[in-house]
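Coordinate inspection notes
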Amino acid sequence: MSVFLLANVATHGRAANDADWVGQAQKRSSFLASAIDHEPTARLLRTAGLVGSQEEVKPSSALRAVSFAATRSCLIAIASLMLQISPPDWLPSATVGGRFREALVPTADLQSLEWLRPDLDRLLVGAMAGSSERIELLRLGLGRAAELVVLHMLRAGHSQPTHVSEVSDHYGYDIESSFPETQQWEVKGCFTEAAGRFHISRNEFETCKLFRDSWKIVQVQFAGAAVTAPALTEAHVIGVRQAAAPDVIALAPAESPTFRWEQSAQMTLPASRWTSSAMGGTAGLSLPSLYELGAEAADLRLLRVGRRA
């Protein structure tokens, strides 16, 4: 409903700026909808490029198309649009091979989507097909954000870190610190739903075994609000924790006729094996949005490929 009201104001009203836009949408809300906070939705629409000029609120054609009447067909179209511009992080795993697997969706999220039935399956599969590039940017951005958080914390703790993954992806870890002793840090980013779970490449796993005593895996957990935030701060970091190499090594069975390493594996480390990180604090953290960081990560990947060519 928030998207419809904001789209309606942008198309049929005249808002001088975002504050005016949000205020007018609030006035158009019904009594039951008057408690809706339109500001996060307005930021999302702006970030996604569905609203133009900063000086005046000018809707895109996609936003104008859903601004005329709050009918079910219009609300379904809004849901489809929002799923594509802000896909939930579980979408790739829940829509595989053109089929929706609702067992892989968090219960609370599934309940909030019930009103979309019988169109739910079609919408989610379509959103996955239409947002693969955006999901990839989000994935890359999440990883880069996590690395930059750890780099910030290590610098705050005067650990003299080097961001080696910006030089090459062959190290088998992302950051190396040299004080008070040399340590290798493999960094993973996640949202709450994926806490404890991570992908590890064959190279990272072999490096984990090689360094063993000094190699650590670090997981940076971000709040869901980070997806639509125009910039990331310490408020978006829920927690940072780490685990030792032997715990990671113990997760993988030995290679055998029934198990063989390829490019990577997904692992889930029990909560009891993680410890809160004491490498430094996140005070003063200031990073671009996840999508901007994703674009940076994609550019860095192209540079690394270019160096190897």
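Residues numbered from 1 in each chain as written. Predicted model: local features only at pLDDT ≥ 70, side-chain atom pairs only at ≥ 80, totals over all residues. Heavy atoms only, no water.

1. Here we look at the overall build of the chain
Per the secondary structure count, the chain includes 12 helices and 12 strands. Principal-axis analysis of the C-alpha atoms gives the chain an extent of 65 × 45 × 45 Å. Counting only residues that meet the buried cut, the chain has 45% of its 309 residues in that class. Residue pairs at least 24 apart in sequence account for 67% of intrachain contacts in the chain once pairs closer than 6 positions are excluded. Put simply, the chain shows about 15,700 Å² of open surface, and 54% of that area lies on carbon and sulfur atoms. (Helix = DSSP H or I, 4+ residues; strand = E, 2+ residues; numbered from the N terminus. Buried < 20%, exposed > 50% of the residue type's maximum accessible area, 1.4 Å probe, protein only. Contact = heavy atoms within 4.5 Å. Areas by Shrake-Rupley, 256 points an atom, 1.4 Å probe, with all protein chains shown as cover.)

2. Here we look at the sheet that holds strand 5 (residues 183-191)
Through backbone hydrogen bonds, the strands of a sheet pair up, either in parallel or in antiparallel fashion. The strand order across the open sheet formed by 6 strands is 3-4-5-7-9-11, and the pairing between neighbours is mixed. Bordering the open sheet on either side are strand 3 (161-162) and strand 11 (275-276), each of which pairs with just one other strand. When strand 3 meets strand 4 (residues 175-177), the two strands line up antiparallel, connected through 2 bridges. In the strand pairing of strand 4, T162 is matched with E176. Each of strand 5 and strand 7 (215-222) is contacted by helix 10 (residues 202-211), which is oriented at about 130 degrees to strand 7, the strand it contacts most. (Pairing = 2+ DSSP bridges. Axes fitted to C-alpha atoms, helices over the stretch in contact; angles between N-to-C directions.)

3. Some words on the pattern of salt bridges
By the definition in use, this model includes 14 salt bridges. For the salt bridge of E136 with R301, the shortest nitrogen-to-oxygen distance reads 3.6 Å. Of this pair, E136 sits in helix 9 (residues 132-156) while R301 sits in helix 12 (residues 290-308); the two residues are 165 residues apart in sequence, bridging distant segments of the chain. Among the salt bridges present, the one from R273 reaches D247, with a minimum N-O distance of 3.0 Å. Taken as a pair, R273 in the loop between strand 10 (264-268) and strand 11 and D247 in helix 11 (residues 245-249) lie far apart in primary sequence, 26 residues in all. Salt bridges sharing partners connect three or more residues here, namely R202, E206, K209 and E255. (Salt bridge = Lys/Arg side-chain N within 4 Å of Asp/Glu carboxyl O.)

4. Some words on helix 10
Within the span of helix 10, buried status applies to E204, F205, T207 and C208. For helix 10, the buried positions fall inside an angular range of 160 degrees around the axis, keeping them on one side. On its buried side, helix 10 packs onto strand 5, strand 6 (197-201), strand 7, helix 11 and strand 10. Just beyond helix 10, the residue with positive phi is R212, at close to 45 degrees. (Arc of directions from axis to C-beta.)

5. What about the layout of surface pockets?
Of the pockets and cavities examined, the largest pocket occupies roughly 1,600 Å³. Lining the largest pocket we find 45 residues, and of these R139, G143, K188, G189 and H199 sit closest to its centre. Contributing elements (two or more residues each) for the lining of the largest pocket: helix 6 (91-94), helix 9, strand 5, strand 6, helix 10, strand 10 and helix 12. The leading source of residues in the lining of the largest pocket is helix 9, at 8 residues. When its volume is computed, the second largest pocket comes out at roughly 870 Å³. What lines the second largest pocket is a set of 28 residues, and nearest its centre among them are M82, L83, S86, P88 and L113. Looking at the lining of the second largest pocket, the elements with two or more residues in it are helix 1 (2-12), helix 3 (39-47), helix 5 (72-85) and helix 7 (107-112). With 5 residues, helix 5 is the largest single contributor of residues to the lining of the second largest pocket. Looking at the lining of the second largest pocket residue by residue, the classes come out as 18 nonpolar, 7 polar and 3 charged. (1 Å grid on protein atoms, 1.4 Å probe; cavity = no way out; pocket = protein on both sides within 12 Å on 5 of 7 lines; lining within 4 Å. Points joined across faces, edges and corners; volume = space filled by probe spheres on them. Nonpolar A, V, L, I, M, F, W, Y, C, P; charged D, E, K, R; others polar.)

6. Description of the confidence of the model for the chain
On average, residues of the chain score 84 in pLDDT, and 92% of them are at 70 or above. Mean pLDDT across the elements of the chain ranges from a minimum in helix 2 (residues 18-28), with 73, to a maximum in strand 4, with 97. (pLDDT = per-residue confidence, 0-100.)

7. Overview of the nonpolar core
One finds V149, V150, V220, F222 and L232 to be the most contacted residues of the largest nonpolar core, which totals 29 residues. Those elements that provide at least two residues to this core are helix 9, strand 5, strand 7, strand 9 (237-244) and helix 12. Discounting chain neighbours no more than four positions away, the residues touching F222 are L142, A145, A146, V149, C190, F191, T192, H236, V237 and I238. (Core = buried A, V, L, I, M, F, W, Y, C linked by side-chain atoms within 4.5 Å.)

8. Considerations on unusual backbone geometry
The linkage connecting R117 with the following residue, P118, adopts the cis geometry, with an omega of 10 degrees. Its place among the elements puts P118 in the loop between helix 7 and helix 8 (120-130). For the bond running from F179 to P180, omega is 0 degrees, close enough to zero to count as cis. Within the element layout of this structure, P180 appears in the loop between strand 4 and strand 5. Here H158, not a glycine, exhibits a phi torsion of approximately 55 degrees, which is positive. As for its position among the elements, H158 is in the loop between helix 9 and strand 3. H158 gets classed as exposed once you look at its relative accessible area, which sits at 60%. Of note in the backbone geometry, Q160 takes a positive phi value of approximately 55 degrees without being a glycine. In this structure, Q160 sits in the loop between helix 9 and strand 3.

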